[in-house]
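# Results of the structural survey
If you want the building blocks of each chain, they are given just below.
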Amino acid sequence: MTDRKVPRTTMHIDWTRCDGRGLCIELLPELLTRDDWGYPVGRGGSEILIPENLEYAAQDAVALCPTQALRLRK
Amino acid sequence: MTSDQSTISVRGHVAGPAGTTRLFAAGSGDYGSHQAAFGPLPAMGRAPLIDELSRSGLDGRGGAGFTAWQKVASVPADGRRPVVVANGAEGEPLSKKDAALLHNAPHLVIDGLLIAGQSLDAKELHLYAGAEQLAPVIRAFKERGEARIRLHEAPDTFISGEATAVVSAISGGLPIPRDRTKRLTDSGLNGRPTLVHNVETLAHLALISRFGSAWFRSVGTGSAPGTRLITLSGNTAGARVYEIPTGLCLTEILVSTGVDPQAVRAALVGGYHGTWLTAEQLDAPFSREGLAPVGARTGAGIIMTLGSGSCGLAATADILGYLAGQSARQCGPCTNGLPNMASQFARLAYGDASGRLPQEISRLAALVTGRGSCAHPDGTARLALSALMAFASDVEAHLRGRCEALQ
Ligand code: SF4
Ligand code: SF4
């Protein structure tokens, strides 16, 4: 952690991998909703901004995504 | 670095072509005509090339519209030897300019690729284009004994020219986009820094390296210097390619190419991922800055006019149907969303209209935007939304079971 600025963590969705069963939506209901076909929708399209209090939940989503479609970036 | 960065290391013994016929100034695609018109191949270091490109104001001619120098400068000078790719894949059915360039001035494209490659000390050079466009390039290679550039055949699909799709195809994979987490200029082909430039951008680069940025700027406008290739088509006439001074306004382009603006109802600017402009908006200059206020982009230099008797909604529905079929079917929102949006639009265009359709189309457009690994859903959504705006009164007419074009 740097002390210059609050690091902005984003969760990148690799749409070429995601198969839309929505586990991440269940783990991050504050950030993600389901689209018409079951794929995650969040503000930011492919780069979902993760607030600090949801970083652990986001890490879970990354670890549990069955297709490894998620990645966290600072 | 010296303060004398504007000096060009090798000048051709010929003067830069006067007037606005530049890329096609050799008059013929053979090496003798090319050398007579443009002189010998210049050599340029990395810094002077970036500097000269930056002064020239050349922007990328493939559609994304990055400035040419920024892309070259973003190749890290960290000792890893980069790969340079000339991209001549014109997946866009409305564009014919890269094909025209490769057929009429293949040596200029080859020059641009060689100059960029040499100034960046590239490890590999590649040229990627459709099969028909490779034929003149192969002839040109024979004439000059060129063996350093590897050729790759691009399939005839809409997204085959997307930069990550190009890199994927060249590395032996499928010509479909990849998820991007890094810039290609950081990590592209086999992890090497990879510069992908459109063939027209490289051809201009070849001229700027010879004749300098001041020459380049001697035509066009301050914010949109030089010339550019455009493909002009209409629903009555086939596509024609022109080299025009950049920044001419759309009406001037139409008049100078023999199209009567009075007979034009709207124009699709920038291609299938582009924007419909109404007749009243056609005084906008055809440049990045000129088109920004009306929400359009030059794309790959595409203008398609819609005649007064044609329905813009039907034209859009047909294009959306095509684009939905061109999804690489990798990303769920694109795979599902584009066919859905296209079919809702077709209902609006072809008489099965219900009052909720425009809202539903807008909702789907917002839903797919930003949710693909490439810009295909975004571009397709942009086209749909721009049609709803440009043909707003016709949307109302269609909802009442009429069509403005048929009245
Ligand atoms: S958990 Fe993974 S595969 Fe499932 S919807 Fe989320 S990102 Fe897609
Ligand atoms: S967004 Fe569509 S066209 Fe682009 S990679 Fe994904 S599926 Fe393919």
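Quick caveat: nothing in here was measured; it's all calculated off a predicted structure.

## Observations regarding the overall build of chain A
- Secondary structure summary: chain A contains two helices and five strands in total.
- Listed by position from the N terminus, the elements making up chain A come as β-α-β-β-β-α-β.
- Taken over C-alpha atoms, the radius of gyration comes to 12 Å for chain A, in line with the 11 Å a tight globule of 74 residues would show.
- For chain A, the spread of C-alpha atoms along the principal axes amounts to about 40 × 20 × 20 Å.
- Here chain A holds 74 residues, and the buried ones make up 45% of them.
- Taking as baseline every contact in chain A between residues at least 6 positions apart, the subset at least 24 positions apart corresponds to 57%.
- Summing over all exposed atoms, chain A offers an accessible surface of approximately 4600 Å²; the carbon and sulfur share of this is 50%.
- Counting 10 positive and 11 negative side-chain charges, chain A places the centres of these two groups 7 Å from one another.

## Topic: the site of ligand 2
- Taken together, 13 residues form the shell around ligand 2, and within it Ala 328, Gln 330, Cys 331, Cys 334 and Cys 374 of chain B come nearest.
- Tallied by class, the residues present in the shell around ligand 2 amount to seven nonpolar, five polar and one charged.

## What about the sheet that holds strand S4 (residues 47–50) of chain A?
Residue and element names in this part refer to chain A.
- What the three strands build is an open sheet, ordered S4-S1-S5; its pairing is antiparallel. Only two strands of the sheet have a single neighbouring strand rather than two, namely S4 and strand S5 (70–73). For this sheet, the mean angle separating the axes of adjacent strands, direction not counted, is 25°.
- Here strand S1 (residues 9–13) pairs with S4 via four bridges, running antiparallel. Paired with Thr 10 across the bridge in S4 is Leu 49.

## Remarks on the domain arrangement of chain B
All names here are of chain B.
- Segmenting chain B into domains produces domain 1 (21–216), domain 2 (227–307) and domain 3 (312–406).
- Averaged C-alpha coordinates put domain 1 and domain 2 at centres separated by 25 Å.
- Listed as interface residues are 22 residues of domain 1 and, on the opposing side, 19 residues of domain 2.
- Note on domain 1 versus domain 2: buried area summed over both sides is about 1700 Å², and carbon and sulfur give 61% of it.
- On the domain 1 side of the contact with domain 2, Arg 61, Leu 94 and Lys 97 bury the most area, a combined 34% of that side's loss.
- Our count for the domain 1 to domain 2 interface comes out at zero salt bridges.
- Within the residue set of the side of domain 1 that touches domain 2, elements represented by two or more residues are helix H4 (97–104) and helix H8 (199–216).

Here is what the cut-offs are and how they apply
- Residues numbered from 1 in each chain as written.
- Chains lettered and ligands numbered in written order.
- Predicted model: local features only at pLDDT ≥ 70, side-chain atom pairs only at ≥ 80, totals over all residues.
- Heavy atoms only, no water.
- Helix = DSSP H or I, 4+ residues; strand = E, 2+ residues; numbered from the N terminus.
- Rg over C-alpha atoms; globule rule 2.2 N^0.38 Å.
- Buried < 20%, exposed > 50% of the residue type's maximum accessible area, 1.4 Å probe, protein only.
- Contact = heavy atoms within 4.5 Å.
- Areas by Shrake-Rupley, 256 points an atom, 1.4 Å probe, with all protein chains shown as cover.
- Lys, Arg positive; Asp, Glu negative; His and termini not counted.
- Charge placed at Lys NZ, Arg CZ, Asp CG, Glu CD.
- Near = heavy atom within 4 Å.
- Nonpolar A, V, L, I, M, F, W, Y, C, P; charged D, E, K, R; others polar.
- Pairing = 2+ DSSP bridges.
- Axes fitted to C-alpha atoms, helices over the stretch in contact; angles between N-to-C directions.
- Domains from an automatic or database assignment.
- Buried area = accessible area lost by both parts, 1.4 Å probe.
- Salt bridge = Lys/Arg side-chain N within 4 Å of Asp/Glu carboxyl O.

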